[in-house]
Amino acid sequence: MDFICNFPFFSILLSLFSGTVCSVLPAKAAKIVNRVVILAVGLMSAALLLYLLSTGESFIYWMGHFPAPWGNEIRAGVLEAGMALFFCIIMYLSMAGGAHKLPGEVVESKHNLYYILVNLLLSSLLALVYTNDMFTAYVFVEINTISACGLIMIRQVGRTIEAAVRYMIMSLLGSGLLLFGLCIMYDLTGHLLMSNIKESVELIVANGEYQIPLIVSVALMCTGLCIKSALFPFHAWLPDAYGYSTVSSAAILSSLVSKGYIFLLIKIIYRVIGFSVFNSTRMIDVLFVFGLMGMIFGSLSAIKENDIRRMIAFSSVAQIGYIYMGFGMGTQAGMVASIFHILSHAATKSLLFIAAIGLTDVSGGSRRFADLTGSAYRNKWAGVAFTAGSLSMVGVPLFSGFISKLLFAQAAVQVEGKMLASLIVLGISTVLNAVYFMKTVIRIYTATTETPYEGITFRHMKAYAVTLVFFILLNVILGVSSQPVVNMIGQGLAMFA
Amino acid sequence: MYLILSSIFFPILAGLFLLIRFRTPLSGENRAVSRKTLTSLIGALLVITAALVVAALMCAKDGFTLFYLTKNLPVCFRIDNVGRLFSMLAVIAIPCAGFFSFAYMKHEARESRYYGFYLLAFGVLNALCFAGNLITFYLFFELLTLSSMPLVLHNGSKEALMAGLKYLFYSLCGAYAALFGIYFLYQNCDSLTFTADGALRASSIAEHGGFLLVTAFVMLLGFGVKAGMFPMHAWLPTAHPVAPAPASAVLSAVIVKAGVLAIIRVVGMFGRDFLRGTWVQTVWLILALITVFMGSLLAYREPVLKKRLAYSTVSQISYILFGLAVMNETSFTGSLMHVLAHGFVKAALFLCAGAIIYKTGKTRVAEMRGIGKEMPLTMWCFTIASLGLIGIPPTGGFVSKWYLALGSLKSGLPVFDVLGPVILLVSAMLTAGYLLPLTIHGFFPGADYDYGGFQKKEPCRLMTVPIVILTMLSVLTGLFPDMVAGIIAMAITGR
């Protein structure tokens, strides 16, 4: 086994322990440790990705060299390594883009607590990505929930505490359902390692036994993860949680945390239940329907919103709907489209959150549209970035959003019964997206002569502007040369089986 | 290759440069550069772009692929004869209206934004004409909407903003409907590269023939939004008149033609033989004829000049669509000729309207009595251009309508072969009804008119010369139709 195979383990452990170290460091040092850890994990994931692409097959890492079924396992394939790398990029950019706002948002004495939470969040995300053990997954789901809750609450404004409590309740409900599902699955199969469960599930299905408990277990796990990733009817916690937390938190929560759960769901579908078994349950139709509803109702709520941050948050509901619609198609192409959309949405949504803060900053901190009029002239970089993000969301060619819509549509055309529904809803949702995003873009570019707010120039926000440029580049790269990424996703999914 | 690329990206980059560099208002005390420098710079940019396009039209032979969007979706450019024809219109009308705006925009705010988007739209339009496959076309079709929208909402009033949004949403809905069709075409064609005689696989036609017809219809409707075809025409009379007059000229004369070009491409992809005689053709003919008649009727009742011209665009573009829907070569020739004829005429008419607004501030037709005495050159051009739109020889409009009517009569379609020309005639009559009163009352205001009160109000050269050029072109296309027909014949037969 090559040395590089230790990297997944190293990255989880590094981010976990750096969290602990941060608690005794002064705020400034904690910030540096945080950045270095994210970078280091990113580099390790990149190296791992290259390694896996060259060997062409995934590997399983035994923790402490105890073989299955006793030991705990980590598994790394192209998709896992790529996802970890992408999460690191987004997290680094989100932290960099929100850094200048942190002193104003969080009390000075709590800064290193903030970095502890971010590091913990990273470690739990990495664990969700890499683990091959259902119970480990559950443990890190909880760690993820707690650190995410802390990230929402750390900005102690009345509304955030309410939001955090809401998030806590909904999230714990979700983890509870996941745990139930897990217990039933353990009862049925007697295993906790994903590969072993899958073998037993195949046997069970082949023998035709325990049909109902199996479906109940699948349904519980799916529902649990749907609640946690804010699929449509369970999205009530989302706008407040994203809308009022610190900027970096909002960007990370919307683009990474929910995606971590979705990625876990993908792993469960492929590695625990088995793709074909999952598709033979009615669950995919349920996901499909709620995905479609999310796409429409999320956008409708966003249109009614008069607060730019909450509008972007509601748009997440719609985008999560897209991802579940892809799952619901029950084909490989649909899954590829969903995974691409995870990347595309993560890159776009964090860009929008970070850009929106630049706009509200030059409008006296107000998020009302009336005050945002002409703000793009006061902060040009944020204006351009917000426009780029909006265009990507609407699905204008050359941006990542177009490619994911293209992939969804291509996937939909191949599925007989769901083709028309998905294409029509995709169309409606695109137009609705255009309604609220283009409305905002026009609003921020409407010149006003009498404005009480000062503009800001490049000299005062170099780091911020550079971050935005990186975000835009990421979007355009995903939009223009998507084929390598799509190939990698396909390769990664092939390794899952 | 480099000629095509530079004719697309030079104006786009120049436009972006203008938008980024000259953000400060150009009028008032804190202007960044003098207005003269700016206008001469933009004039030079327009001329260089036009020269690049002409060079590309003459020299470029082969297509090329720029990059791959996904595995089977290349972004590629290729010049064919249909594209060449549309490009000819753009390359003449856009610089003309551009020079006109140097005078017209003197008192407007945020000029550099206007010119920035103007150049952007020019570049995108070139790309649209040179696009080699459907996906490239769609890409620039979206960009065209986005880059021309700021021209509509230029003056920033509430009305303009609403019009801009209306334009945006209609266009996006249409573009999405078209994209919907592109997905299906992509499934049922070997490639999305443009052809004139159908790219559908024979097996697909046998298997999903009915569904493909629905797809074709949805695409027609979708792209038809941009061309202002009947059920989705409402944005056009709202959006075109609120733009500054030279921008309305470009919107009405050139940018709506993007929808026509799109429909030609789509029909080419499906193949005329596939669509001929199906319900799609019938419905399309009905919609086109309704639009022709309704547009003229609405224009006839409209008191505001620019709005009247916009309604007239709705009607005239559907002449073109009617010709395409008939689907034989004569009518196709007529359609393409009408693209040129209407382009020149409508640009000239809008510029005349702009000159009148600029000099007198009058917008309603009723206020324009005696205008011919005050601005004789402008009104003469207006009159000649009107004759072109009505279709009186020797103007271009006559030749194109001749071909359209001939094609329709020859087509052998039931009912429509006669009904078509009849409606075209009635509409031409209405056209005379809504355009000629301006000339009549303009030159012959009647006995009770105060002859002592009027002054010479002829606008400056920067305004009159573009108008005269466009008017002359509209006549020349009628005097020498063979030249145009020659290009079109090439477009039909070989490419």
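Residues numbered from 1 in each chain as written. Chains lettered and ligands numbered in written order. Predicted model: local features only at pLDDT ≥ 70, side-chain atom pairs only at ≥ 80, totals over all residues. Heavy atoms only, no water.

Enquirer: So, the overall build of chain B: which residues are in play, and what are the values?
Expert: Secondary structure summary: chain B contains 20 helices and two strands in total. Whereas a compact globule of 495 residues would reach a radius of gyration of roughly 23 Å, chain B reaches 22 Å, a difference of no more than 12%. Projected onto the principal axes, the alpha-carbon positions of chain B cover approximately 75 × 55 × 40 Å. Per-residue burial for chain B yields a buried fraction of 63% across its 495 residues. Put simply, 81% of the contacts in chain B that link residues at least 6 apart link residues at least 24 apart. In the form shown here, chain B has an accessible surface area of approximately 17200 Å², with 68% of it arising from carbon and sulfur atoms. When the 36 positive and 20 negative side-chain charges of chain B are each reduced to one mean point, those points stand 6 Å apart. (Helix = DSSP H or I, 4+ residues; strand = E, 2+ residues; numbered from the N terminus. Rg over C-alpha atoms; globule rule 2.2 N^0.38 Å. Buried < 20%, exposed > 50% of the residue type's maximum accessible area, 1.4 Å probe, protein only. Contact = heavy atoms within 4.5 Å. Areas by Shrake-Rupley, 256 points an atom, 1.4 Å probe, with all protein chains shown as cover. Lys, Arg positive; Asp, Glu negative; His and termini not counted. Charge placed at Lys NZ, Arg CZ, Asp CG, Glu CD.)

Enquirer: Tell me what's going on with the overall build of chain A, and back it up with residues and numbers.
Expert: When helices and strands are counted, chain A shows 22 helices and two strands. Taking 497 residues into account, the globule formula puts the C-alpha radius of gyration at 23 Å, and chain A, at 22 Å, falls close to it. Taken along its principal axes, the extent of the C-alpha atoms in chain A is 75 × 55 × 45 Å. Every one of the 497 residues in chain A was classed for burial, and the buried ones make up 64%.

Enquirer: Can you break down a nonpolar patch on the surface residue by residue, with the values?
Expert: Residue and element names in this part refer to chain A. A cluster of nonpolar side chains, contributed by Trp381, Phe458, Val466, Val469, Phe470, Leu473 and Ile477, occupies part of the molecular surface with about 610 Å² of accessible area. Along the chain, Trp381 turns up in helix 18 (residues 380-394). Look at Trp381 and you get partly exposed, because its relative accessible area is 35%. (Patch = residues over 30% accessible without salt bridge, like charges linked within 9 Å, V, L, I, M, F, W, Y side chains within 5 Å. Salt bridge = Lys/Arg side-chain N within 4 Å of Asp/Glu carboxyl O.)

Enquirer: For the pattern of salt bridges, give the residues involved together with the corresponding values.
Expert: Residue and element names in this part refer to chain A. Per the counting criterion, the structure on display carries 13 salt bridges over all chains. The salt bridge partner of Asp307 is Arg367, with a shortest N-O separation of 3.2 Å. One end of the pair, Asp307, is in the loop between helix 13 (283-304) and helix 14 (308-329); the other, Arg367, is in the loop between helix 15 (332-361) and helix 16 (369-372), and 60 residues separate them in sequence. For the pair Asp307 and Arg367, a shared accessibility class is recorded, and that class is buried.

Enquirer: Describe helix 21 (residues 462-480) of chain A, and please don't skip the residues or the numbers.
Expert: In an α-helix, one turn spans 3.6 residues, which is why side chains three or four residues apart end up on the same side. Compared with the 27 Å implied by 1.5 Å per residue over 19 residues, the 27 Å span of helix 21 of chain A between its first and last C-alpha is a close match. Every buried residue of helix 21 of chain A is accounted for by Tyr464, Ala465, Thr467, Leu468, Phe471, Ile472, Leu474, Asn475, Leu478 and Gly479 of chain A. (Expected span 1.5 Å × (residues − 1).)

Enquirer: I'd like to hear about the environment of Ser40 of chain B, residue by residue, with values.
Expert: Residue and element names in this part refer to chain B. You can see Ser40 is positioned in helix 2 (residues 35-59). The class of Ser40 is partly exposed, set by a relative accessible area of 44%. Placed 62 residues apart in sequence, Ser40 and Phe102 show a C-alpha to C-alpha distance of 9.0 Å.

Enquirer: Report on the packing of helix 4 (residues 111-130) of chain B against helix 5 (residues 134-152) of chain B, specifying residues and quantitative values.
Expert: Residues and elements named next belong to chain B. At a minimum axis separation of 9 Å, helix 4 and helix 5 run at an interaxial angle of 160°. Classified by the angle their axes make, helix 4 and helix 5 are roughly antiparallel. The two elements helix 4 and helix 5 meet at a crossing, and its hand is left-handed. Across the interface between the two elements, Tyr114, Phe117, Tyr118, Leu120, Ala121, Val124, Leu125, Ala127 and Leu128 from helix 4 touch Phe137, Phe140, Phe141, Leu143, Leu144, Ser147, Pro150 and Leu151 from helix 5. Partitioning the contact of helix 4 with helix 5 into residue classes produces 16 nonpolar, one polar and no charged. (Axes fitted to C-alpha atoms, helices over the stretch in contact; angles between N-to-C directions. Parallel < 35°, antiparallel > 145°, perpendicular 65-115°, else oblique. Left-handed = near helix turned anticlockwise from the far one by under 90°. Nonpolar A, V, L, I, M, F, W, Y, C, P; charged D, E, K, R; others polar.)

Enquirer: If you had to explain the packing of helix 14 of chain A against helix 15 of chain A to someone new, which residues and values would you point to?
Expert: Residues and elements named next belong to chain A. The contact between helix 14 and helix 15 brings their axes to 9 Å, and the two run at 175°. Viewed along their axes, helix 14 and helix 15 adopt a mutual orientation that is roughly antiparallel. In contact with Ile308, Arg309, Ile312, Ala313, Ser315, Ser316, Gln319, Tyr322, Ile323, Gly326, Phe327 and Met329 of helix 14, helix 15 contributes Gly334, Met335, Ser338, His341, Ile342, His345, Lys349, Leu352, Phe353, Ala356, Ile357 and Thr360.

Enquirer: So what's going on with unusual backbone geometry? Residues and values would help.
Expert: A cis amide bond, omega 10°, links Pro393 of chain B with the succeeding residue Pro394 of chain B. Mapped onto the elements of the fold, Pro394 of chain B is located in the loop between helix 16 (376-390) and helix 17 (396-410). Notably, Tyr210 of chain A is not glycine yet its phi reads approximately 50°, a positive angle. As for its position among the elements, Tyr210 of chain A is in the loop between helix 8 (194-207) and helix 9 (211-228). In the Ramachandran plot, Val415 of chain B falls in the positive-phi region, its phi being about 65° despite a non-glycine side chain. Among the secondary structure elements, Val415 of chain B is positioned in the loop between helix 17 and helix 18 (416-443).

Enquirer: I'd like a rundown of the pairing of strand 1 (residues 64-70) of chain B, residues and numbers included.
Expert: Both strand 1 of chain B and strand 2 (residues 73-77) of chain B contribute to a ladder of five bridges, which runs antiparallel. From the neighbouring strand, Phe67 of chain B faces strand 2 of chain B, where its bridge partner is Val75 of chain B. (Pairing = 2+ DSSP bridges.)

Enquirer: Tell me what's going on with the interface of chain A and chain B, and back it up with residues and numbers.
Expert: If you look at the interface, chain A gives 32 residues, while chain B gives 31 residues. Summed over the shared surface of chain A and chain B, the result is zero salt bridges. The tally of links from chain A across to chain B stands at zero residue pairs in polar contact (both at pLDDT 80 or more). The element best represented in the side of chain A that touches chain B is helix 20 (residues 419-444) of chain A, accounting for 11 residues. (Polar contact = N/O pair within 3.5 Å; in protein donor to acceptor, adjacent residues only side chain to side chain.)

Enquirer: Kindly report on the environment of Leu57 of chain B, identifying the contributing residues and their values.
Expert: Residues and elements named next belong to chain B. Among the structural elements, Leu57 can be located in helix 2. The buried category is assigned to Leu57, whose relative accessible area is 11%. A C-alpha to C-alpha distance of 32 Å links Leu57 and Ala355, two positions 298 residues apart in sequence. Among residues more than four places away in sequence, those in contact with Leu57 are Ile79, Arg84, Ser87, Met88 and Phe130.

Enquirer: Tell me what's going on with the packing of aromatic side chains, and back it up with residues and numbers.
Expert: Enumeration over the complete set of coordinates arrives at 40 aromatic pairs over all chains. When the centroid spacing of 6.0 Å and the interplanar angle of 85° are considered together, the rings of Trp237 of chain A and Tyr242 of chain A count as edge-to-face. Taking relative accessible area as the criterion, Trp237 of chain A reaches 2% and is therefore assigned buried. A relative accessible area of 1% means that Tyr242 of chain A is categorised as buried. Members of the aromatic cluster, joined through ring pairs, are Phe3, Phe7, Phe9, Phe10 and Tyr61 of chain A. Looking at Lys418 of chain A, its charged tip hangs above the ring of Phe288 of chain A, at a distance of 5.1 Å from the centre. Over the aromatic face of Phe332 of chain B sits the side chain of Arg272 of chain B, whose NZ or CZ is 5.0 Å from the ring centroid. (Phe/Tyr/Trp six-rings, centres within 6.5 Å; stacked < 30°, edge-to-face > 60°. Lys NZ or Arg CZ within 6 Å of the ring centre and 35° of its normal.)

Enquirer: So what's going on with the pairing of strand 2 of chain B? Which residues, and what values?
Expert: Residues and elements named next belong to chain B. Burial within strand 2 is extensive, with five of its five residues counted as buried. With burial as the criterion, each face of strand 2 is covered, one bearing Leu73, Val75 and Phe77 and the other bearing Pro74 and Cys76. Connecting strand 1 to the antiparallel partner strand 2 that follows it, the hairpin turn spans two residues.

Enquirer: I'd like a rundown of the confidence of the model for chain B, residues and numbers included.
Expert: Residues and elements named next belong to chain B. For chain B, the mean per-residue pLDDT works out to 85, and 95% of the residues sit at or above 70. Here residues 25-30 scores under 50 on pLDDT; set against residues more than four positions off or in separate chains, the count is nine contacts. Quick note on the complex model: pTM equals 0.86, ipTM equals 0.76. (pLDDT = per-residue confidence, 0-100.)

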